[in-house]
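Breakdown of the fold
The chain contents come next:
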Amino acid sequence: MIHITRRERFNAAHRLFRDDFTDEKNMEVFGKCSNPNWHGHNYELYVTVKGEINSETGFLVNLKTLSKVIQSKVIVKLDHKNINLEVDFMKGKLASTENLAVGIWKEIEESVKNIGTNLHCVKVIESENNYVEYFGPA
Ligand code: NI
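Nothing here was measured: the structure is a model prediction, and the numbers come from that model.

**Side note on helix α4 (residues 97–114)**
With 18 residues, α4 extends 26 Å from end C-alpha to end C-alpha; this agrees with the ideal 26 Å at 1.5 Å per step. If you look at α4, its biggest bend is around 40 degrees, right at Ile 108. Regarding α4, the residues found buried are Thr 97, Leu 100, Ala 101, Gly 103, Ile 104, Trp 105, Ile 108, Ser 111 and Val 112. Buried residues belonging to α4 abut β1 (2–14), β2 (39–51), α2 (63–78), α3 (83–86), β4 (118–127) and β5 (130–134).

Next up, the structure:
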């Protein structure tokens, strides 16, 4: 078993809030990420896949192909977008890094299988101090 990781990046806006909380309560629970007028992050996405080395190529998977999957399935939907308002797979969910990682996993899982490998981890870095790793449903 071997792992390989592809990094992609996207910039996106979001707001962490609940409709049923006051602005004060949202600020208390979600901090600066609840700013009513949105804000952005320069996100980094690390997609790790696992499997065996193909003896013909020496690769686990062609990283260009993996990059195309990530780009076409999630980056086009996220980059320079408002996660709360414009991203179909985040509709009705809190725009947290945790939910984003789970949503990205679901969006790319099948396509990753179709290129002959398996997802191991979706890691989303929101800021230099905070990141989330999702290893799939328990
Ligand atoms: Ni934020």
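**What to know about the sheet that holds β1**
Strand order in the open sheet made by the five strands is β3-β1-β2-β4-β5, with mixed pairing throughout. Whereas interior strands pair on both sides, the edge strands pair on one side only; in this sheet they are β3 (81–82) and β5. In this sheet, β5 lies alongside β4 in antiparallel orientation, the contact comprising five bridges. From the neighbouring strand, Lys 123 faces β5, where its bridge partner is Glu 133.

**Some words on the coordination of the nickel ion**
Protein-derived ligands of the nickel ion are His 14 (NE2), Cys 33 (SG), His 39 (NE2) and His 41 (NE2), with the metal-ligand distances lying across 2.0 to 2.1 Å. Each of the four donor atoms around the nickel ion contributes to a set of angles spanning 93 to 129 degrees, which defines the coordination as tetrahedral. Donor residues for the nickel ion sit on one chain with the sequence pattern H-x18-C-x5-H-x1-H. For Cys 33, a relative accessible area of 14% puts it in the buried group.

**Some words on the pairing of β4**
The pairing of β2 with β4 spans seven bridges and is classified as antiparallel. Counterpart to Val 49 in the pairing with β4 is Leu 119. Counted between consecutive antiparallel strands, the loop separating β4 from β5 contains two residues.

**Some remarks on the nonpolar core**
The biggest cluster of nonpolar side chains holds 33 residues, and the ones touching the most others in it are Leu 45, Leu 100 and Ile 104. Within the residue set of this core, elements represented by two or more residues are β1, β2, α2, α4, β4 and β5. For Ile 104, the residues in contact, after removing those within four places along its chain, are Leu 45, Val 74, Leu 78, Phe 89, Val 122 and Val 124.

**Notes on the side chain of Arg 15**
Considering the arrangement of structural elements, one finds Arg 15 in the loop between β1 and α1 (23–30). Classification of Arg 15 as buried rests on a relative accessible area of 9%. Here Ser 34 takes part through its backbone oxygen, which lies 2.8 Å from a polar atom of the side chain of Arg 15.

**As for the side chain of Asn 84**
If you trace the backbone, Asn 84 turns up in helix α3. Of the residues examined, Asn 84 reaches a relative accessible area of 19% and is grouped as buried. Here Asn 84 is in contact with His 14, Arg 15, Phe 17, Trp 38 and Ala 95, once residues within four sequence places are set aside.

Scoring rules and cut-offs
- Residues numbered from 1 in each chain as written.
- Predicted model: local features only at pLDDT ≥ 70, side-chain atom pairs only at ≥ 80, totals over all residues.
- Heavy atoms only, no water.
- Helix = DSSP H or I, 4+ residues; strand = E, 2+ residues; numbered from the N terminus.
- Expected span 1.5 Å × (residues − 1).
- Bend = angle between axes of the 7 residues up to and from the residue.
- Buried < 20%, exposed > 50% of the residue type's maximum accessible area, 1.4 Å probe, protein only.
- Contact = heavy atoms within 4.5 Å.
- Pairing = 2+ DSSP bridges.
- Donors = N, O, S within 2.8 Å, 3.2 Å for Na, K, Ca; no water.
- Tetrahedral: all angles 85-135°; square planar, octahedral: opposite > 155°, others 65-115°.
- Core = buried A, V, L, I, M, F, W, Y, C linked by side-chain atoms within 4.5 Å.
- Polar contact = N/O pair within 3.5 Å; in protein donor to acceptor, adjacent residues only side chain to side chain.

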